[in-house]
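One-letter residues, chain by chain:
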Amino acid sequence: MAPQYYTVTWDQLHRDARALAWRLIDTGPWKGIVAVTRGGLIPAAIIARELECRLIESVSVETYNEESIGHPVVTKAPTAAGDGEGFLIIDDLVDTGTTARVVRKLLPKAHFATVYAKPAGKDIVDTFVTEVSQNTWILFPWDTDAAPQFVAPIARAPGRGA
Ligand SMILES: O=P(O)(O)OC[C@H]1O[C@H](OP(=O)(O)OP(=O)(O)O)[C@H](O)[C@@H]1O
Ligand SMILES: O=c1[nH]c(=O)c2nc[nH]c2[nH]1
Ligand SMILES: [Mg+2]
């Protein structure tokens, strides 16, 4: 199946992160937030503002490809969050769940929330806002150029003649 793209603008990311904050507000109170760098940093900042949470930790997991098997390495462990009790873990998305599994082992009692989720990873997190299909690549605003571009009319799409 051809991959699809789901483009997220800054406005949409802000709205979706706020929607996630609404889902989390009554599950707290939260002692702090652990942002999964780098993608979780901006959603974590938005959610921290909405939940009036000022203690922000980070965790960094890098996934290297060795002989095509993803081998995740923790390059920065969280130190201020203990076993995760009372803490929120925030990432932008869960895809295969590799990153989330590693972070969960470090913070087993934390509540894991992502803005977006794909089917293979959605059961690993506790809360998310929007699900996209597994063959969808989410294009975040920090990875894209928002310059306006001409778009051809649908009537001129490939396979429609003319
Ligand atoms: O569920 P997974 O298959 O592990 O994929 C999800 C992870 O992949 C992306 O991070 P990435 O490792 O690309 O690094 P980045 O956040 O620094 O961009 C994304 O921000 C998630 O953390
Ligand atoms: O920008 C991204 N979009 C995605 O859909 C994705 N899945 C894993 N890592 C990802 N990064
Ligand atoms: Mg990431």
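Note that this is a predicted model, so its numbers are computed, not measured.

Draft legend 1. Quick peek at the site of ligand 1. Around ligand 1 sit 16 residues in total, of which Arg38, Gly39, Asp95, Thr96 and Thr99 are the nearest. Among the elements that take part in the shell around ligand 1, strand S5 (residues 87–94) stands out by supplying four residues, more than any other. In terms of residue class, the shell around ligand 1 is made up of four nonpolar, eight polar and four charged.

Draft legend 2. Quick look at the UniProt feature "binding site: Mg(2+)" (unreviewed entry) in the protein. UniProt marks Asp92 with the feature "binding site: Mg(2+)" (unreviewed entry), using the numbering shown here. On the secondary structure map, Asp92 appears in strand S5. Those residues in contact with Asp92 that lie beyond four places of it in its chain are Gly39, Gly40, Pro43, Thr114, Val115, Tyr116 and Phe140.

Draft legend 3. Region of interest: the site of ligand 2. Neighbouring ligand 2 are the residues Leu93, Asp95, Trp137, Ile138, Phe140 and Asp143. In terms of residue class, the shell around ligand 2 is built from four nonpolar, no polar and two charged.

Draft legend 4. Molecular detail of unusual backbone geometry. Residue Pro29 is reached from Gly28 by a cis peptide bond, and omega for that bond is 5 degrees. Turning to its location among the elements, Pro29 is positioned in the loop between helix H1 (10–25) and strand S2 (32–37). Residue Arg38 is bonded to the preceding Thr37 through a cis peptide linkage, with omega at -5 degrees. As for its placement among the helices and strands, Arg38 is situated in the loop between S2 and helix H2 (41–51). Even without glycine at this site, Glu52 takes up a positive phi of about 50 degrees. Owing to 9 C-beta atoms within 10 Å, Glu52 belongs among the exposed residues under this scheme.

Draft legend 5. The arrangement of H1 in detail. For H1, with 16 residues, the first-to-last C-alpha span of 22 Å sits near the 22 Å given by 1.5 Å per residue. Taken as a whole, H1 has its buried residues at Ala17, Leu20, Ala21 and Leu24. Buried residues of H1, seen end-on, are gathered within an arc of 105 degrees and therefore sit on one face of the element. Set apart from the buried face of H1 by more than 90 degrees, the exposed residues are Asp11 and Trp22. The inward-facing, buried residues of H1 abut H2, S5, strand S6 (111–117) and strand S7 (127–131).

Draft legend 6. Summary view of the UniProt feature "binding site: guanine" (unreviewed entry) in the protein. Under the UniProt annotation, the feature "binding site: guanine" (unreviewed entry) is placed at Asp95 and Ile138. These residues run over 44 residues, yet every pair of their C-alpha atoms falls within 9.8 Å of each other. Not counting the four nearest positions on each side in its chain, Asp95 is found in contact with Lys118, Ala120 and Gly121. Mapped onto the elements, Ile138 comes out in strand S8 (residues 136–139). Setting aside anything within four residues of it in sequence, one finds Ile138 in contact with Tyr6, Val8, Leu93, Tyr116 and Val132.

Draft legend 7. Up close: the nonpolar core. Counting residues in hydrophobic clusters, the biggest one holds 32 residues, and the most contacted among them are Ile33, Val34, Ile47, Ile89, Ile90 and Ala113. Those elements that place two or more of their residues in this core are H1, S2, H2, strand S3 (56–66), S5, helix H3 (98–106) and S6. No other element matches the six residues that S5 contributes to this core. Setting aside its immediate chain neighbours within four residues, Ala113 contacts Leu20, Leu24, Leu88, Ile89, Ile90, Val125, Asp126, Thr127 and Phe128.

Cut-offs and rules
- Residues numbered from 1 in each chain as written.
- Chains lettered and ligands numbered in written order.
- Predicted model: local features only at pLDDT ≥ 70, side-chain atom pairs only at ≥ 80, totals over all residues.
- Near = placed C-beta within 6 Å.
- Helix = DSSP H or I, 4+ residues; strand = E, 2+ residues; numbered from the N terminus.
- Nonpolar A, V, L, I, M, F, W, Y, C, P; charged D, E, K, R; others polar.
- UniProt positions renumbered as here; feature names shortened; annotations may be inferred.
- Contact = placed C-beta atoms within 7 Å.
- Buried ≥ 20, exposed ≤ 12 C-beta atoms within 10 Å, placed from the backbone.
- Expected span 1.5 Å × (residues − 1).
- Arc of directions from axis to C-beta.
- Core = buried A, V, L, I, M, F, W, Y, C linked by C-beta atoms within 7 Å.

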